[in-house]
Amino acid sequence: MRRSSNQYIGRFAPSPSGDLHFGSLVSAVASYADARQHFGQWILRIDDIDQPRTKAGAAESIIHTLSAFGFKWNHSIQWQSERISQYEQVIQQLKDRNAVYFCACSRKEITKIAAAGADGMIYPGTCRDQRHSENARHAIRIRTNSEKIYFTDRVFGHFEQNLGNLSGDFIIRRADDITAYQLAVVVDDYIDQVTHVVRGADLLMSTCKQIYLGGLLGYPNLKFAHTPLVIDKSGKKLSKSDRAFPVNPDTPLTALIAAWRFLGQKDIAHRVQTVEEFWDEATTTWSIQKVPAGYP
Ligand SMILES: [Zn+2]
């Protein structure tokens, strides 16, 4: 069953590499308020495909914190680690179409010759025509081209990239046999029938890769909004491994209001005493037009 055109399905997809930190809370608040304002559904998906980076207990901690903060998700929680066979099916489709190839390059070898792109190094295409066989130590790359890919971000406005200048042929399955985030997220959003992605601006540069993959696979277009990044005092993005700023599930209202202010929204602090009141006010007051476009 395909969705009707006026349906809204949003999602929040944290990776369980640590406790929920303020930067993730900001994108969760934006995503949830936007879904609620559109009478949409909201899915919680745990992006635990990268098992080496997964920290024991982190998923449970994130789920507990989101609950304490009044987030309510539709359906059961989705787990990337349970979808490996679905990712493999898609990779097989791409193999059958000759849209991918095996890459035997080490990171060191690539660093030596690659130019810097807008999103890391540009893969120079060394293995493109090498016909390497499938091998446990080979990554899989998708063939890209130099066509312009563009979209209108609901916060950042018009955005365009040429994958040739951005990344070149990028990895969809890593040499350690783990499905790359770029492919997993595209397949996930398709399976979950997501229509609207609201997430942090650290993924803005990945969006064109995901649009490219979604286009190859014939998936419906998504609407994107990227929320400003929370930067620490030295100007670095707060990451989950940064212990400095986890949010406290015992004082949810304080953190929710701080996230709300960070998102440039109209002040509602004086009108809310509880988490439930916060979400009622937030749902009616939310304005994505007020969210500042911030990228470091
Ligand atoms: Zn290679």
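It should be emphasised that the depicted structure is a prediction, and the values quoted were computed from it without experimental measurement.

Peer 1: Got a minute to help me understand the coordination of the zinc ion in this structure?
Peer 2: Geometry sets the ideal angles at a metal, namely 109.5 degrees for four tetrahedral donors and 90 or 180 degrees for six octahedral donors. Bound to the zinc ion on the protein side are Cys103 (SG), Cys105 (SG), Tyr123 (OH) and Cys127 (SG), at distances that span 2.1 to 2.3 Å. Around the zinc ion sit 4 donor atoms, and with donor-metal-donor angles ranging over 100 to 126 degrees the site reads as tetrahedral. Sequence positions of the donors to the zinc ion reduce to the motif C-x1-C-x17-Y-x3-C. No difference in accessibility class separates Cys103 from Cys105, as the two residues are buried.

Peer 1: Hey, could you run me through the sheet that holds strand β2 (residues 41-46) in this one?
Peer 2: In any sheet, the strands associate via hydrogen bonds between backbone groups, in a parallel or an antiparallel arrangement. Ordered by their spatial adjacency, 3 strands build an open sheet running β1-β2-β3, and the pairing between neighbours is parallel. Two strands bound the open sheet, and with one partner strand each, they are β1 (9-12) and β3 (78-79). Two elements, β1 and β2, share 4 bridges in a ladder whose sense is parallel. Note on β2: the bridge partner recorded for Gly10 is Trp42.

Peer 1: I tried to follow the domain arrangement of the protein chain on my own but got confused; where do I start?
Peer 2: Interface size is often expressed as the accessible area that is lost when the parts come together. Taken domain by domain, the protein chain comprises domain 1 (9-81 + 186-290) and domain 2 (85-173). Spacing between the C-alpha centres of domain 1 and domain 2 amounts to 27 Å. Facing the 27 residues of domain 1 at the interface are 26 residues of domain 2. Run the count over domain 1 and domain 2 and you get 1 salt bridge. Across the salt bridge formed by Arg154 and Asp34, the nearest N and O atoms sit 2.8 Å from each other.

Peer 1: I'm lost on helix α6 (residues 181-191) in this one. Help?
Peer 2: Three- or four-residue spacings in an α-helix give side chains the same orientation, since the helix completes a turn every 3.6 residues. Burial runs high along α6: 8 of the 11 residues are buried. If you check which residues of α6 are buried, you get Gln182, Leu183, Ala184, Val185, Val186, Val187, Asp188 and Asp189. Its buried side turned inward, α6 meets β1, β2, α3 (84-96), β10 (171-173), β11 (196-200) and α7 (207-216). Immediately downstream of α6, the backbone of Gln193 shows phi near 55 degrees, a positive value.

Peer 1: Would you explain the sheet that holds strand β4 (residues 100-103) in this entry?
Peer 2: Across the sheet, which stays open at both edges, the 3 strands sit in the order β4-β7-β10 with antiparallel pairing between neighbours. With partners counted over all chains shown, the strands left at the sheet margins are β4 and β10, one partner each. Taking each pair of neighbouring strands and ignoring which way they run, the sheet shows an average axis angle of 45 degrees. Direction of pairing for strand β7 (residues 139-142) relative to β10: antiparallel, over a ladder of 2 bridges.

Peer 1: Honestly, the nonpolar core in this entry has me stumped. Any pointers?
Peer 2: Counting residues in hydrophobic clusters, the biggest one holds 42 residues, and the most contacted among them are Leu25, Val29, Phe71, Phe278 and Trp279. Looking at this core, the elements with two or more residues in it are α1 (22-37), β2, α2 (58-68), α8 (252-262) and α9 (275-285). Among the elements that line this core, the one with the most residues is α1, at 9 residues. If near-sequence neighbours (up to four positions away) are discounted, Phe71 is found in contact with Leu25, Ala28, Val29, Tyr32, Trp42, Leu66 and Trp279. Within the second largest apolar cluster, 35 residues are counted, among which are Phe151, Leu183, Leu204 and Met205.

Peer 1: Could you clarify how one ought to interpret the layout of surface pockets in this entry?
Peer 2: To find leftover empty space, a probe the size of one water molecule is rolled over the atoms. Empty space within the second largest pocket amounts to approximately 330 Å³. If you go around the second largest pocket, you meet 19 residues; those closest to its centre are Ile211, Pro220, Asn221, Leu222 and Phe224. Of all the elements in the fold, those that place two or more residues in the lining of the second largest pocket are β8 (148-153), α6, α7 and β12 (223-227). Classifying every residue of the lining of the second largest pocket by side-chain character gives 11 nonpolar, 5 polar and 3 charged.

What counts and how
Each chain carries its own residue numbering, running from 1 in the written order of its sequence. Given that this is a predicted model, residues contribute local features only at a pLDDT of at least 70 and side-chain atom pairs are listed and counted only at 80 or more, while totals for whole chains, interfaces and linings are drawn from all residues. Derived side-chain values reflect all non-hydrogen atoms in the structure, with water molecules and hydrogen atoms excluded from consideration. Each metal's donors are the N, O and S atoms found within 2.8 Å of it, except that Na, K and Ca use a 3.2 Å limit; water is left out, so coordination can look incomplete. Sites are called tetrahedral only when four donors show all angles between 85 and 135 degrees, square planar or octahedral only when four or six donors show opposite pairs over 155 degrees and all other angles between 65 and 115, and irregular in any remaining case. Exposed residues in this analysis have more than 50% of their type's maximum accessible area, buried residues have under 20%, and partly exposed residues fall in between, with area computed by a 1.4 Å probe over protein chains only. Strands were regarded as paired on the criterion that DSSP finds at least two bridges between them. Put simply, DSSP marks the helices as runs of H or I at least four residues long and the strands as runs of E at least two long, and each gets a number from the N terminus on. Note that domain bounds follow an automatic or database assignment of domains. Contacts are residue-level and defined by heavy atoms, with any inter-residue pair within 4.5 Å sufficient. Salt bridges are counted wherever a side-chain nitrogen of Lys or Arg sits within 4 Å of a carboxyl oxygen of Asp or Glu. Note on method: axes are straight lines fitted to C-alpha atoms, helices fitted across the in-contact stretch only, with angles between N-to-C directions ranging 0 to 180 degrees. Nine residue types can take part in a nonpolar core, namely buried Ala, Val, Leu, Ile, Met, Phe, Trp, Tyr and Cys, and a core is a set of them joined through side-chain atoms within 4.5 Å. Cavities and pockets were defined on a 1 Å grid built from protein atoms only: a cavity is a group of points that admits a 1.4 Å probe but offers it no way out, a pocket is an open group of points flanked by protein on both sides within 12 Å along at least five of seven lines, and a lining residue is one with an atom within 4 Å of any such point. Grid points are joined across faces, edges and corners, and a volume is the space filled by probe spheres set on the points. Polar here means any residue outside two lists: the nonpolar Ala, Val, Leu, Ile, Met, Phe, Trp, Tyr, Cys and Pro, and the charged Asp, Glu, Lys and Arg; Gly therefore counts as polar.

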